[in-house]
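Inside the fold
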Amino acid sequence: FKKDRKIVLAALRDTSGGVLDYIDDRFKKDKKFILEAVKIEYFILQFADDSLKKDKEIVLEAVKHNGYVLEYADKVFKKDKKFILEAVKLSGVALKYADKSLKKDRKIVLAAVKQGGHALKYADKSLKKDRKIVLAAVKQNGHALEYADKIFKKDRKIVLEAVKKYYWTLKYADASLRKDPDILAVVKKKKKWIKTTLLE
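In this text the structure is predicted, and so the values were computed from the model without any measurement.

Digging into the packing of helix H2 (residues 31-40) against helix H3 (residues 56-65)
Remark: H2 packs on H3, axes separated minimally by 8 Å, with the N-to-C direction vectors making an angle of 10 degrees. It follows that H2 is roughly parallel to H3 by the angle criterion. Residues Lys-31, Ile-34, Leu-35, Val-38 and Lys-39 of H2 form the contact with H3, whose participating residues are Glu-57, Ile-58, Glu-61, Ala-62 and His-65.

A closer look at the packing of helix H6 (residues 106-115) against helix H7 (residues 131-140)
Put simply, H6 and H7 touch, their axes get as near as 7 Å, and they point 20 degrees apart. Considering the angle they form, H6 stands roughly parallel to H7. Once H6 is placed against H7, the crossing between them reads as left-handed. Across from Arg-106, Val-109, Leu-110, Val-113, Lys-114 and Gln-115 in H6, the residues of H7 making contact are Lys-132, Ile-133, Ala-136, Ala-137 and Gln-140. Across the contact of H6 with H7, the residue classes tally to six nonpolar, two polar and three charged.

With respect to H3
Structurally, the α-helix is built with 3.6 residues per turn, so residues lying three or four positions apart point the same way. Within the span of H3, buried status applies to Ile-58, Val-59, Leu-60, Glu-61, Ala-62 and Val-63. Contacts from the buried residues of H3 go to H2, helix H4 (75-78) and helix H5 (81-90). Its side-chain oxygen placed 3.1 Å from the backbone nitrogen of Glu-57, Asp-55 serves as the N-cap of H3.

Some thoughts on the nonpolar core
Counting 66 residues, the largest nonpolar core has Leu-70, Leu-95, Val-113 and Leu-120 as its most contacted members. Sorting the residues of this core by element identifies helix H1 (5-15), H2, H3, H5, H6, H7, helix H8 (156-165) and helix H9 (181-199) as the ones contributing at least two each. Those residues in contact with Leu-70 that lie beyond four places of it in its chain are Val-59, Val-63, Lys-78, Phe-83, Ile-84, Ala-94 and Tyr-97.

Conventions and cut-offs
- Residues numbered from 1 in each chain as written.
- Predicted model: local features only at pLDDT ≥ 70, side-chain atom pairs only at ≥ 80, totals over all residues.
- Heavy atoms only, no water.
- Axes fitted to C-alpha atoms, helices over the stretch in contact; angles between N-to-C directions.
- Helix = DSSP H or I, 4+ residues; strand = E, 2+ residues; numbered from the N terminus.
- Parallel < 35°, antiparallel > 145°, perpendicular 65-115°, else oblique.
- Contact = heavy atoms within 4.5 Å.
- Left-handed = near helix turned anticlockwise from the far one by under 90°.
- Nonpolar A, V, L, I, M, F, W, Y, C, P; charged D, E, K, R; others polar.
- Buried < 20%, exposed > 50% of the residue type's maximum accessible area, 1.4 Å probe, protein only.
- Polar contact = N/O pair within 3.5 Å; in protein donor to acceptor, adjacent residues only side chain to side chain.
- Core = buried A, V, L, I, M, F, W, Y, C linked by side-chain atoms within 4.5 Å.

This is a description of form; function is not addressed.
Below you can see the structure in the form of structure tokens.
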């Protein structure tokens, strides 16, 4: 079975990637196989032949499923502004493995946090002070408030947007806002909604 593409892909689906250690090495150089494999288990990119880690189509397909897989791509992609912009639009957290210079690029970081607010964690410190970026991040994922500059943890509008997504992000807000009646009203409403949903 090790040399049969269909059997190997079927086994891959059933074993969540564990079968890869036992397949024929030729598949690791087979573009068609790797392209299908990363759709099933994105981390398989790390086992692909180096030549395929330079293949844009394969890398972007893997990134689409999980941005952290960019770690295993060829380093040439990590400095490629056009490529990184494409990657973060598919999965914001791909920003983690972008070149340091690109983590300072406002357009790239804004695209990343719009896709996944958590990507704010990997942005350059200077952009964690950018209100538009922080607001976009917390609107997408309230947890992003944790990574924002401390000035925004005192920003009522930003904190409100964060708790609208996840009420528990209130813990990242400045103490001065933790008793704000409007913010607490949102938190209470979210808690009630979650409790009601769980009981249904």
